[in-house]
Every structure is written in C-alpha cells, then in structure tokens.
Amino acid sequence: FAYNEALKIKPNDALVKSKIDAIDQQIVNDSLQATTVKNETLYNSYIKAGNDALNNSLYDEAKSDFSKALEIKPDDNFAKNQIKKADDAMQQLLVQKQKYIDAQKNQERENQYNALIIAGNNYYDSRMYEEAKNQFTQALALNDKDTYSKNKILQINSLLAKRKDKLKLDSLNNIK
C-alpha cells in the first residue's frame, strides 16, 4: 500500500516500481505454492482413501478416488496402477460370481435330472411305459450323454412294440 502511495508522488520511480513488481511476484508465488500444497494434500487424501477402499474391497469407490487423484496428477503411475488393481479385482469377482451361478445352475440341473430318473424308474416299475419314456426323454434333454436314459427309452420302445404286437395278435385271435 505504501509503495502505491509513493508512486503517486513519484510516478516514474524505478525503485518503487521494482518493489511493487517484486511484491506482486511474491503474491503470485505464494498463491502458486499454496495451490501446490493444497493439491498435494488433496492428492494424498484421495490416494489414502483409494487405498483404504481397495483394501476393503470397495472397488468402485477405490477407482473413483484414484481417478480424482489422477485429475490432480494426470501422469501419476501409482494411481493408474491402483485403478488397474481395482479393475482386475472387480473382474475376478465377476468371474467368481459367474462360476458360483454356473455351479448353482448345474446343481439345480443335476437335481432335476435325478428327479426325472427316479420318476422314470417308478413309472417303468409300474409298467406305465409312456410316462416312463417321457421322464427319461426329459432327463436326456438335460444330459445328452446320458446312456442310462437312452437305454431305458430303447427298452421301453421295445416293450411298447411287443405290447402293440400282442394287442394286434389278441385282436386277430378275438376276430377269429
């Protein structure tokens, strides 16, 4: 403030102008340094929050924090690597989840298959061959490598053919 007053009295004083320029430059430097310190503090807090989130398997949150750190330091390899770790962990979780879902589906399919085989055998034992054949056909649809159901269907077809032939023969004998 005093240098500005001095300039009013001596407008062309080089010493006063240089002091004002030096003060202006110091203000800019102080502002830049304050911004740098603020950015460094903010960056460190994002990195810490990202690491904490990553350690607690909060991958989306971790990626967000590391991305914010990258906004402050775009070339930061640490933040980039941590984002990759979070992405890899998320991918691993998706793979595990899909494996779990597939295992559940396989178990349900296996249970359904076993129930069809049991029902087919019960119908077969009760000589309800059409119903048994239907159950074995459904089991075969669940497991196309199922030789047991294939063999049962062949047996049933043979029995049904014999039954049909016997009915024809009986019918012919009745007509005679």
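The rules we used
Residues numbered from 1 in each chain as written. Predicted model: local features only at pLDDT ≥ 70, side-chain atom pairs only at ≥ 80, totals over all residues. Heavy atoms only, no water. Helix = DSSP H or I, 4+ residues; strand = E, 2+ residues; numbered from the N terminus. Buried < 20%, exposed > 50% of the residue type's maximum accessible area, 1.4 Å probe, protein only. Lys, Arg positive; Asp, Glu negative; His and termini not counted. Salt bridge = Lys/Arg side-chain N within 4 Å of Asp/Glu carboxyl O. Polar contact = N/O pair within 3.5 Å; in protein donor to acceptor, adjacent residues only side chain to side chain. Contact = heavy atoms within 4.5 Å. Patch = residues over 30% accessible without salt bridge, like charges linked within 9 Å, V, L, I, M, F, W, Y side chains within 5 Å. Areas by Shrake-Rupley, 256 points an atom, 1.4 Å probe, with all protein chains shown as cover. Core = buried A, V, L, I, M, F, W, Y, C linked by side-chain atoms within 4.5 Å.

*Asks:* What exactly am I supposed to notice about the side chain of Asp146 here?
*Replies:* Counting through the fold element by element, Asp146 comes out in the loop between α5 (129-142) and α6 (147-175). Buried charged residue Asp146 carries no salt bridge. Nearest counter-charge: Lys150, at 8.1 Å. A distance of 3.2 Å separates a polar atom in the side chain of Asp146 from the backbone nitrogen of Tyr148. Non-local contacts of Asp146, meaning those with residues more than four positions away in its chain, are made with Tyr113, Ile117, Ala139 and Leu140.

*Asks:* Mind showing me how you'd approach a nonpolar patch on the surface here?
*Replies:* A contiguous nonpolar surface patch, about 270 Å² in accessible area, is contributed by Tyr3, Ile23 and Ile27. Mapped onto the fold, Ile23 is located in helix α2 (residues 14-55). Given a relative accessible area of 40%, Ile23 falls into the partly exposed group.

*Asks:* Where do I start with unusual backbone geometry in this structure?
*Replies:* The general pattern is negative phi for most residues beyond glycine and trans for most peptide bonds. Its identity as a non-glycine residue notwithstanding, Ser57 has a phi of 60°, on the positive side. As for its placement among the helices and strands, Ser57 is situated in the loop between α2 and α3 (59-72). If you check the backbone angles, Arg127 has positive phi at about 60° while not being a glycine. Relative to the helices and strands, Arg127 is located in the loop between α4 (77-125) and α5.

*Asks:* Help me out: how do you make sense of the nonpolar core in this one?
*Replies:* The tendency in soluble globular proteins is for nonpolar side chains to be buried as a group. Ile47, Leu54, Tyr59, Ala62, Phe66, Ala69 and Ala79 are the most contacted members of the largest nonpolar core, which has 13 residues in total. Of all elements in the fold, only α2, α3 and α4 reach the threshold of two or more residues within this core. Considering every element that reaches this core, the biggest residue donor is α3, with five residues. Those residues in contact with Tyr59 that sit more than four places away from it in its chain are Leu54, Ala86, Ala89, Met90 and Leu93. Counting residues in each nonpolar core, the second largest holds eleven residues, with Ile117, Tyr124, Ala139 and Ile156 among its members.

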